[in-house]
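What follows is each chain in one-letter form.
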Amino acid sequence: MIDYQLPKLYLKLFEWFCRTELFEELQGDLEEAFEENIKLYGARKARNIYRLEVLKMIRPSVVGFGQFYSKFNHLIMFKNYFKTSMRSMMRSPLSSFINVFGLSVAIGICLIVYAFIDQDISVDQFHKNKHEVHVVTAFSNEDGELLQYGQTPLPLAQMLEKDFPQIDQVCRIEDLGIVLKYGDKVFHERVRMVDPTFLEMFTFPMQWGDTRSLKDPNSIILSDEMSVKYFGDLNPVGKDLLMKFEDEYIKSFTISGVAAPFPKSHAIDFDFLVNFENIRQAETAYDPANWNRSINATLISIRNPSNIDVISDGMDAYKLLQNESNPNRPIESFALVSIANLHAASNDIINGISYGMRKEGWVILSIMAGFILLLACMNYINIGIVSAAKRLKEIGVRKVIGANRGLVIIQFLAENVLLTFFALLFGLFLAYSTFIPWFNGLFGRGLELVLMDIDLWIFLFGMLLLTGLASGIYPALYISKFQVVGIFRGSVRLGKKNPLTKIFLTFQLILAFIAISGGVWFTQNNAYQSTRSWGYEPSEALYVDVPDQSAFDQLYASMSQNPNVLSISGSSQHLGHGMPKVTLDLPDRKYEVGQFAVDAYYFETMGLDILEGRAFKPNLESDKRAIVVNEQFVHNLALQQPIGEIVKMDSSRFEIVGVVKDFHNWDFDTKIQPMIFKVAATKDFRYLSMKVRSGKQSDVYQGLREEWMGHFPNTPFQGGYQEGVFSGYFDYLDSSAEFMRALAIVAIILASLGLYGLITLNVSGRVREFSIRKVLGASVQSVATMITKQYVLLFVLSMLIGAPAGYFLIETLFDTVFAYHMPMNYSGLIISACFLVSVLLSTIFTQVRKISRSNPVDGLKVE
């Protein structure tokens, strides 16, 4: 079979460069010659001849780029589109405002998400050596689960430096709590002991002084925040600070440097830096070869990335050394994590020097922003169709003078992109001036939009195209399909029967339903958590840190005379202030639990409920081998009769004498862990706790502070109300609830605007019908019923879909974010339904009122 088809590529080429007035005649000649050549030479040769003839046509008398200029004229039309768009927006200021406002709010919220994620992925990326410096981590099997720890054995750094020539530098990090004094200023502070290589691995910019001064064991480097705290705006370099360690050893340090303010996106920082060798004075039993002693972090610097595997494999030799010294927590392997990746990996690293990304925040914010953006886009679709009803004749005229459907689509999309551009600018303004400052005020995140950041403008350009096309493509396709004859005959019923518009509205209502339900449930959950029981009685308890037994005894003697103090207790650990882990030797495995060392009065003082057995008895020698466990402990070990059970710990046998009701040692985001109480030696008391008479907390607290200042004027007071231990957590909950309520309000506004658009569309398309009905005597109630019944089904459908979807989504979200949250109920769904029904009725009322006041004569003239 002979192929008579012309070479398409060359046909297009000819069409592109040939002058418009010559194209038809010359193309006809070429086709005639092509057909003749097929008869004479066959199809293949005829096609080759055709190609050659097309190329010969590229000469000045033929080339005119007529088709090109014709297409270019379409680009020129954009100038006309711009004018038309501006006039259209000016003619419909309400619709334009609704569209620009909705899109700009949605874009502003999306910019919060952008700033949130941008800040998270920028954490610690300012360090020049972030790819070369690695943190050593260790994997350990804990009760069948492989856990990654940031703490590593003390001798590891020096062994690595000695055994691996591929390592350029090593650095040890250990954080200690100390008392720092300058003049009459005395504070509890956190000092970071590091090797001098610390400020070479981490390139923190310096404000004053020299980073090399860390080589001097008598030097100290301050952060900018600490410098301001102690010295204001003065340069403190050369001044001396007194540091008192836990064992009362006091040493003077000379300030040799002050770091510049840390970048906002940082997870690793410091308050005070001193040479690591000072740990010899801080710890009298310091042994650098002790593999059972862990430090906060070990860092190595590797110039060549190919050496990482060599070092990782070679570190297996250290497992035996560590596991022989610490058989309770054997290490299974070591791993290296670069500083560039540490923030992203820190959620999986226990006791690391960095904190992890809040990926839950990414997901939650992205979902919420997506909801709002979808609502705004659908809002625009409905409003856009309504607005187009006033432009039918314009569309008809454009088609009469030659515009095809594609050009009409391009016109509407161009107008939409222009409108989105204005929304983008306003959204950027809202985000920069209002949304992000508001978000920072709620959560203290320090988000910012850097206008000179090229990534921000790439994101905005993407938003412009995505939002402009997504919101405008359907109205453009819908409006462009009308025929000229129908437009001028007035037979076009714009939007009267458009199932897609109703589908969009239904989806819009579902999103609004979910958003409103989420706002209600988050508010309720906040109230629930604020009243949730801690498992003990924090409202009547006070506490204070004590440095040693002597301090405890002095305070005890003073406060026990206060008639408002009902009970006093001593302990090595205290609720809400950390909890060390100990390993139990079970018959079949090792089991790690939290441990509190307390005296016999601690349970009564803190209001801990003993469910079974008993608490410790004062001065009972045998209770030194007794423990009290919590309910979670009993549950995890499936103990049927826990009282009298024997567990082995530190090579000693302990008998369970009591079971205490589960209590929260952390906030409600953390699940209750298995815990034990054992008797503390009086020399190990580091906390004094008091139960005080109800209503007298403030008086006792003031008395406690005065007693402290009288006994220890050179040591800062560190105590407070037990109720205030997690006040920051509840502030965070309040902020989360406020954020969700704000999003719910935005969702309500956008849904209302969308509903308003669709009802307006319906009413505007039926003006003549309503006018006729009024002339025939139809009442306002009948008109209202007629309008309302069209949306009842949509509302019912949106509620039937939105209720289970919202319930499932919010419950999943609660399960993901909160370890303990309120039991889900239906109040959020009921309140959401009431909101949306009230919005429907209000919107219908405005339209019915408008119809009732209109003149039927004017309505009959409309179409």
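Colleague: Which residues make up the overall build of the chain, and what values do they have?
Modeller: Each helix and strand in the chain was counted, giving 27 helices and 25 strands. Dimensions of the chain along its principal axes, counting C-alpha atoms only, are 110 × 80 × 60 Å. Classification of the 863 residues of the chain by burial places 51% in the buried group. Contacts in the chain between residues at least 24 apart in sequence constitute 79% of all its contacts with a sequence separation of at least 6. Accessible surface for the chain amounts to roughly 40500 Å². Of this, 58% is attributable to carbon and sulfur atoms. Here the chain contributes 79 positively and 87 negatively charged side chains, and the mean placements of these two sets differ by 15 Å.

Colleague: Tell me about unusual backbone geometry, and name the residues and values.
Modeller: With a phi angle near 60°, N351 is a residue other than glycine that sits in the positive phi range. The residue N351 is located in the loop between β14 (349-350) and α13 (359-388) in this model. Since its relative accessible area comes to 41%, N351 is described here as partly exposed. A positive phi angle, near 55°, is found at A638, a position not held by glycine. Within the secondary structure, A638 sits in the loop between α21 (631-637) and β21 (646-649). By relative accessible area, A638 is classed as exposed at 52%.

Colleague: Pulling in residues and values, what's your account of the pairing of β21?
Modeller: A regular strand places its side chains on the two faces of the sheet in alternate fashion. Going residue by residue along β21, you find V647 and M649 tucked away on one face and I646 and K648 left uncovered on the opposite face. Of the strand pairs in this sheet, strand β17 (residues 581-585) and β21 are connected by two bridges, and their pairing is antiparallel. When the sheet's bridge partners are listed, L584 is paired in β21 with M649. Note: β21 against strand β22 (residues 652-660), four bridges, orientation antiparallel. In the strand pairing of β22, I646 is matched with E655.

Colleague: Could you give an account of the side chain of Q697, with specific residues and numbers?
Modeller: With respect to the helices and strands, Q697 occurs in helix α22 (residues 697-711). Judged by its relative accessible area of 16%, Q697 is buried. What Q697 contacts, discounting residues up to four positions off in sequence, is S539, E540, L542, V692 and Y721.

Colleague: Explain a nonpolar patch on the surface to me, using residue names and the numbers behind them.
Modeller: On the surface, a cluster of nonpolar side chains totalling about 530 Å² of accessible area is made up of Y432, L451, I454, W457 and I458. With three residues, the single largest contributor to the nonpolar patch is helix α16 (residues 454-480). Positionally, I458 belongs in helix α16. The class of I458 is exposed, set by a relative accessible area of 54%.

Colleague: Hey, could you go over the packing of aromatic side chains for me, with residue numbers and the actual values?
Modeller: Evaluation of the coordinates by the stated rule reveals 41 aromatic pairs. Between F116 and F439, the aromatic rings sit 6.2 Å apart at their centres with planes inclined by 90°, giving edge-to-face as the arrangement. Here F116 is found in helix α5 (residues 93-121), whereas its partner F439 is found in helix α15 (residues 405-443), with 323 residues between them in sequence. With respect to burial, F116 and F439 carry one shared label: buried. The ring of Y820 has K671 sitting right over it, with the charged end atom 5.6 Å from the ring centre.

Colleague: Mind laying out a positive patch on the surface, listing which residues take part and the relevant values?
Modeller: On the surface, a cluster of positive charge is contributed by K79, K83, R87 and R91. Its location among the elements puts K79 in helix α4 (residues 66-91).

Colleague: Give a detailed account of a negative patch on the surface, specifying residues and quantitative values.
Modeller: There is a patch of like negative charges on the surface, built from E24, E25, D29, E31, E32, E35 and E36. Topologically, E25 is positioned in helix α2 (residues 20-41).

Colleague: Kindly report on the packing of α2 against helix α3 (residues 43-56), identifying the contributing residues and their values.
Modeller: Packing of α2 against α3 brings their axes to within 8 Å, and their N-to-C directions diverge by 150°. By the angle between their axes, α2 is roughly antiparallel relative to α3. The handedness of the crossing between α2 and α3 comes out as right-handed. Contacts from Q27, L30, F34, N37, I38 and Y41 of α2 reach α3 at A43, K45, A46, R47, I49, Y50, E53 and V54. Classifying every residue of the contact of α2 with α3 gives nine nonpolar, two polar and three charged.

Colleague: Pulling in residues and values, what's your account of the pattern of salt bridges?
Modeller: For the structure on display, the rule yields 18 salt bridges. Residue R293 pairs with E174 through a salt bridge whose shortest N-O separation is 3.1 Å. Of this pair, R293 sits in the loop between α9 (279-282) and β11 (294-295) while E174 sits in strand β4 (residues 167-182), placing them 119 residues apart in sequence. In this structure, the salt-bridge partner of R614 is D623, at a minimum N-O distance of 2.8 Å. You can call R614 partly exposed: its relative accessible area is 26%. Here the salt bridges share partners, and the residues they tie into one network are D175, R190, R192, D269 and D271.

Reading the values: the criteria
- Here the residue index of a chain counts from 1 through its sequence in written order.
- Where totals are concerned, whole chains, interfaces and linings use all residues; where local detail is concerned, this predicted model gives features only for residues with pLDDT of at least 70, and gives and counts side-chain atom pairs only at 80 or more.
- Water and hydrogen atoms play no part in the side-chain values, which are based on all heavy atoms of the structure.
- To qualify as a helix, a DSSP run of H or I must reach at least 4 residues; to qualify as a strand, a run of E must reach at least 2; elements of each kind are numbered from the N terminus.
- Exposed residues in this analysis have more than 50% of their type's maximum accessible area, buried residues have under 20%, and partly exposed residues fall in between, with area computed by a 1.4 Å probe over protein chains only.
- The contact criterion used throughout is that any non-hydrogen atoms of two residues lie within 4.5 Å.
- All accessible areas in this document rest on Shrake-Rupley with a 1.4 Å probe, and a residue is counted as covered only by the protein chains that are shown.
- The charge count includes Lys and Arg as positive and Asp and Glu as negative, but it does not include His or the ends of the chains.
- Taken as the charge centre is NZ of Lys, CZ of Arg, CG of Asp or CD of Glu, depending on the residue.
- When DSSP finds two or more bridges between a pair of strands, those strands are recorded as paired.
- What goes into a patch is any residue over 30% in relative accessible area without a salt bridge, connected to like charges within 9 Å or, for nonpolar side chains (Val, Leu, Ile, Met, Phe, Trp, Tyr), within 5 Å.
- By definition, a salt bridge exists where a carboxyl oxygen of Asp or Glu is found within 4 Å of a side-chain nitrogen of Lys or Arg.
- Between 30 and 60 degrees the pair is tilted, below 30 it is stacked and above 60 it is edge-to-face, where a pair is any two Phe, Tyr or Trp rings, Trp via its six-membered ring, whose centres lie within 6.5 Å.
- Counting as a charge over the ring demands two things of the Lys NZ or Arg CZ atom: a distance within 6 Å of the ring centre and an angle within 35 degrees of the ring normal.
- Here an axis means a line fitted to C-alpha atoms, over the contact stretch when the element is a helix, while the angle between two N-to-C directions is reported on a 0 to 180 degree scale.
- If an angle is under 35 degrees, it is roughly parallel; if it is over 145, roughly antiparallel; if it lies from 65 to 115, roughly perpendicular; otherwise it is oblique.
- Here a crossing is taken to be left-handed if its near helix is turned anticlockwise relative to the far helix by less than a right angle, and right-handed if that turn runs clockwise.
- Ten residues, namely Ala, Val, Leu, Ile, Met, Phe, Trp, Tyr, Cys and Pro, are considered nonpolar, four, namely Asp, Glu, Lys and Arg, are considered charged, and the remaining ones, Gly among them, are considered polar.

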